[in-house]
Amino acid sequence: MENITLDNIHLTFGGGGTAEDGARRELPEIAGEYFAMGPMPAYGLYARGVRGLTMQNIRFQVSTPDLRPAVIFDQVTDATIQNLSVEGNAVAESTLRFTGSKQVLLTAPRVLAQASTFLQLEGTGNDRIIVDGGDISSATTALSFKDGATSSAVKLRQ
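The residue numbers shown here count from 1 along each chain, following its written sequence. Reporting in this predicted model follows two pLDDT cut-offs: at least 70 for local features of residues, and 80 or more for side-chain atom pairs to be given and counted; totals over whole chains, interfaces and linings ignore these cut-offs and use all residues. Hydrogens and water molecules were not included; the side-chain quantities draw on all heavy atoms of the structure.

**Let's talk about the pattern of salt bridges**
Moving on, step 1. Salt bridges are defined as contacts in which a side-chain nitrogen from Lys or Arg sits within 4 Å of a carboxyl oxygen from Asp or Glu. Under the criterion given, the structure shown has six salt bridges.
Moving on, step 2. Of the charged contacts in the structure, one is a salt bridge between Glu122 and Arg25, with a shortest N-O distance of 2.6 Å. Within this pair, whereas Glu122 is found in strand β9 (residues 115-122), its partner Arg25 is found in the loop between α1 (19-22) and β2 (45-48), the two being separated by 97 residues in sequence.
Moving on, step 3. Classification of residues uses two cut-offs on accessible area relative to the type maximum, computed with a 1.4 Å probe and protein chains only: under 20% is buried, over 50% is exposed, and between them is partly exposed. Under the relative-accessibility criterion, Glu122 is labelled buried at 4%.
Moving on, step 4. Take Arg25: its relative accessible area is 27%, and that puts it in the partly exposed class.
Moving on, step 5. The shortest N-O distance in the salt bridge between Lys146 and Glu93 comes to 3.0 Å. Of this pair, Lys146 sits in strand β11 (residues 139-146) while Glu93 sits in the loop between β5 (77-86) and β6 (96-99); the two residues are 53 residues apart in sequence, bridging distant segments of the chain.
Moving on, step 6. Classification of Lys146 as partly exposed rests on a relative accessible area of 30%.
Moving on, step 7. Among the residues examined, Glu93 registers a relative accessible area of 32% and is labelled partly exposed.
Moving on, step 8. Salt bridges sharing common partners tie together Arg25, Glu93, Arg97, Glu122 and Lys146. Helix and strand definitions here come from DSSP, where helices need a minimum of 4 consecutive H or I residues and strands a minimum of 2 consecutive E residues; each element is numbered from the N-terminal end.

**Thoughts on the packing of aromatic side chains**
Moving on, step 1. Classification of ring pairs uses Phe, Tyr and Trp, with its six-membered ring standing for Trp, and accepts pairs whose centres are within 6.5 Å; under 30 degrees between planes counts as stacked, over 60 as edge-to-face, and the remaining range as tilted. Under the counting rule described, the total for this entry stands at three aromatic pairs.
Moving on, step 2. Taking 5.8 Å as the distance between ring centres and 70 degrees as the angle between the ring planes, the aromatic pair formed by Phe13 and Tyr43 counts as edge-to-face. Separated by 30 residues along the polypeptide, Phe13 in strand β1 (residues 2-13) and Tyr43 in the loop between α1 and β2 bring together distant segments of the chain.
Moving on, step 3. Taken together, a centroid distance of 4.8 Å and an interplanar angle of 10 degrees make the contact between Phe73 and Phe98 stacked. Placement of Phe73 in strand β4 (residues 71-74) and of Phe98 in strand β6 is noted, with a sequence separation of 25 residues between them. Assigned by exposure class, Phe73 and Phe98 land together as buried.
Moving on, step 4. Taken together, the ring pairs in this structure connect Phe13, Tyr43 and Phe60 into an aromatic cluster.

Here you go:
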């Protein structure tokens, strides 16, 4: 998918996602219906294989606690996210997770509730990710790295 814009969206999800749901890394490449994929590993947005994603003024919340990330980018290239507000969870692995994603500009993000980690990068394919401003002070840790991801892939500007 290419050149997708999401603008002025406020969604409240039911919540209830488990740590096991959030830990899912392997999802089928093709499914007849979205629900055939089983529980999604993100409660708000799971984007895979997208080029040219623009998100502006997005707010994701949950009615009951959820242990999944709010947003997962998997192989996303050329994304601009402005004013993303998400609920975190202090015992969830992270609030956002990027795997193999490149050229991502995240401007003025907000974490609305206590969270363990704001952004977790996974794998060696991440590159040119910038987090610019915002309020992520509700997250205990701003950035974490797994499976070969390094701090050189991301710039954090507060």
